[in-house]
Amino acid sequence: MKKPKWVVEKERGKKAAADETVWLFGLHAVRDALLNPAREKLRVIVTKNAADKLGDAIPEQGLEVEIADPRKFPAPLDPQSVHQGAALEVRPLDWGPVGERCLGDGTNPPRVVLLDRVTDPHNVGAILRSAEVFGAVAVIGMRHHAAPETGALAKTASGALERQPYLRVRNLADAMEELRAMGYILLGLDGEADQTLEAAAEGRLDRPLALVLGAEGPGLREKTKETCDHLVRIDFAGEFGSLNVSNAAAVALYAVRPR
C-alpha cells in the first residue's frame, strides 16, 4: 500500500533533520563545542597555530585532527567568515521540549526570552550571551522565519550556544500559551506601549517572567501581541530613543532579574 504524501514528506523531513550538520568556526566557539559532552562532533579542521591554542580540547574528543594550510582552509565556510584557523562540524543540539526546559531550578523564579521572527544570527547570538549572563533558562525562537543554529550565530554567542538553551518551536503563540499555563507572565516589548517594563514587572519579580521580542522594524506580529499578558516599553532618558533587539533583550533581562 502506497504511503500518503503527507506521511512521505514527514518522514523525509525527519531524515533531513537527522542528517543536518553545522560548521562552527572561531576559537571560542570551537573550543566550547569540543568540551560540551552533549554535542555530537563529526570533523575538526585546524591550522597548526589554532591546534596549539586549543590545547588539550581536541585530543580528548577522539577525533582525527585535520591540519590545514591557513592559505587554503578547506572547511566549507563563507569566505568572509573569521574562522581563526578552527572549524568543527557538529550536529545541532537538542535541548528538549519547552515544558521541561522552562521549569527553572526551584530556587529562583525563571526567566525566558521568546523571539518573534528574529532572523539575524548575530542578534540571536548576542541574545544568547545576555541570556546566559542574566540567568535565563531558555531562549525560544521559531522553527521557521528565525535564525537557525549556524557558525555565525555560534561565533557571536562566544560559547553561550553550548550552555544557553536555544529552543525552536513550530508555533510561537502555542509556546507562549504553554508558558502561561506553567505560571509565566508574558511581557511583550513594544516601543508604542503605554506601560513601562519596570512598572509591569513591579511586584512580579518573584514570578516566572517571559520577555517577548520582535524583529527590528516589524516588531511583534499582531497574534503575538494578542497572546502577551502585557505590552511594555523600555523607558528612555530622552524624548526619542531606540535599541536593536539584542540590546533591548539585555536591558530587559537586567531589569527583570530576580532580586
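Preceding this paragraph is the structure being described.
This one's a predicted model, so the numbers in the text were calculated from it and none came from an experiment.

Peer 1: It is not clear to me how the pairing of strand E11 (residues 230–233) should be interpreted in this structure. Could you clarify?
Peer 2: In the case of a regular strand, side chains alternate between the two sheet surfaces. Bridge count between strand E8 (residues 185–189) and E11: 3 bridges; the pairing is parallel. Each bridged residue has a counterpart across the sheet, and for Leu187 the counterpart in E11 is His230.

Peer 1: Whenever I open this one, the pattern of salt bridges confuses me. Can you help?
Peer 2: Oppositely charged side chains are able to pair whenever their charged atoms sit close together. If you walk through the whole model with that rule in mind, you get 14 salt bridges. Between Glu162 and Arg39 there is a salt bridge, with its nearest N and O atoms 2.8 Å apart. Of this pair, Glu162 sits in the loop between helix H6 (151–157) and strand E7 (166–169) while Arg39 sits in the loop between helix H2 (27–34) and strand E2 (41–46), and the two are 123 residues apart along the sequence. Among the residues examined, Arg39 registers a relative accessible area of 3% and is labelled buried. Its salt-bridge partner being Arg180, residue Asp229 comes within 3.1 Å of it at the nearest N-O pair. In this pair, Asp229 sits in the loop between helix H9 (222–227) and E11 while Arg180 sits in helix H7 (residues 172–181), placing the two residues 49 residues apart along the sequence. Using a relative accessible area of 26% as the deciding quantity, one classes Arg180 as partly exposed. Via salt bridges that share partners, Asp32, Glu132 and Arg163 belong to a single interconnected network.

Peer 1: It is not clear to me how the nonpolar core should be interpreted in this structure. Could you clarify?
Peer 2: With 53 residues, the main nonpolar core has Leu128, Leu211 and Leu213 as its most contacted residues. Counting residues per element, this core draws most heavily on helix H10 (residues 245–255), at 6 residues. Apart from the residues within four sequence positions on either side, Leu213 is in contact with Val113, Leu114, Leu115, Asp116, Val118, Leu189, Leu220, Val245, Ala248 and Ala249. Counting residues in hydrophobic clusters, the runner-up holds 23 residues, among them Leu93, Met142, Leu167 and Cys228.

Peer 1: Quick question: what am I supposed to make of the sheet that holds E2 here?
Peer 2: The strands making up a sheet associate through backbone hydrogen bonding, with each pair oriented either parallel or antiparallel. Taken in spatial order, the 4 strands of this open sheet run E1-E4-E2-E3, and their pairing is mixed. The open sheet has two free edges, formed respectively by strand E1 (22–25) and strand E3 (65–67), since each of these has just one partner strand. On average, adjacent strands in this sheet sit at an angle of 20° to one another, irrespective of strand direction. As paired strands, E2 and strand E4 (residues 86–90) are joined by 5 bridges and run antiparallel to one another. Within E4, the position partnered with Ile45 by the bridge is Ala87. Where H2 meets the sheet, it contacts E1, E2 and E4, and its direction lies at approximately 40° from that of E4.

Conventions used here
- Residues numbered from 1 in each chain as written.
- Predicted model: local features only at pLDDT ≥ 70, side-chain atom pairs only at ≥ 80, totals over all residues.
- Heavy atoms only, no water.
- Pairing = 2+ DSSP bridges.
- Helix = DSSP H or I, 4+ residues; strand = E, 2+ residues; numbered from the N terminus.
- Salt bridge = Lys/Arg side-chain N within 4 Å of Asp/Glu carboxyl O.
- Buried < 20%, exposed > 50% of the residue type's maximum accessible area, 1.4 Å probe, protein only.
- Core = buried A, V, L, I, M, F, W, Y, C linked by side-chain atoms within 4.5 Å.
- Contact = heavy atoms within 4.5 Å.
- Axes fitted to C-alpha atoms, helices over the stretch in contact; angles between N-to-C directions.

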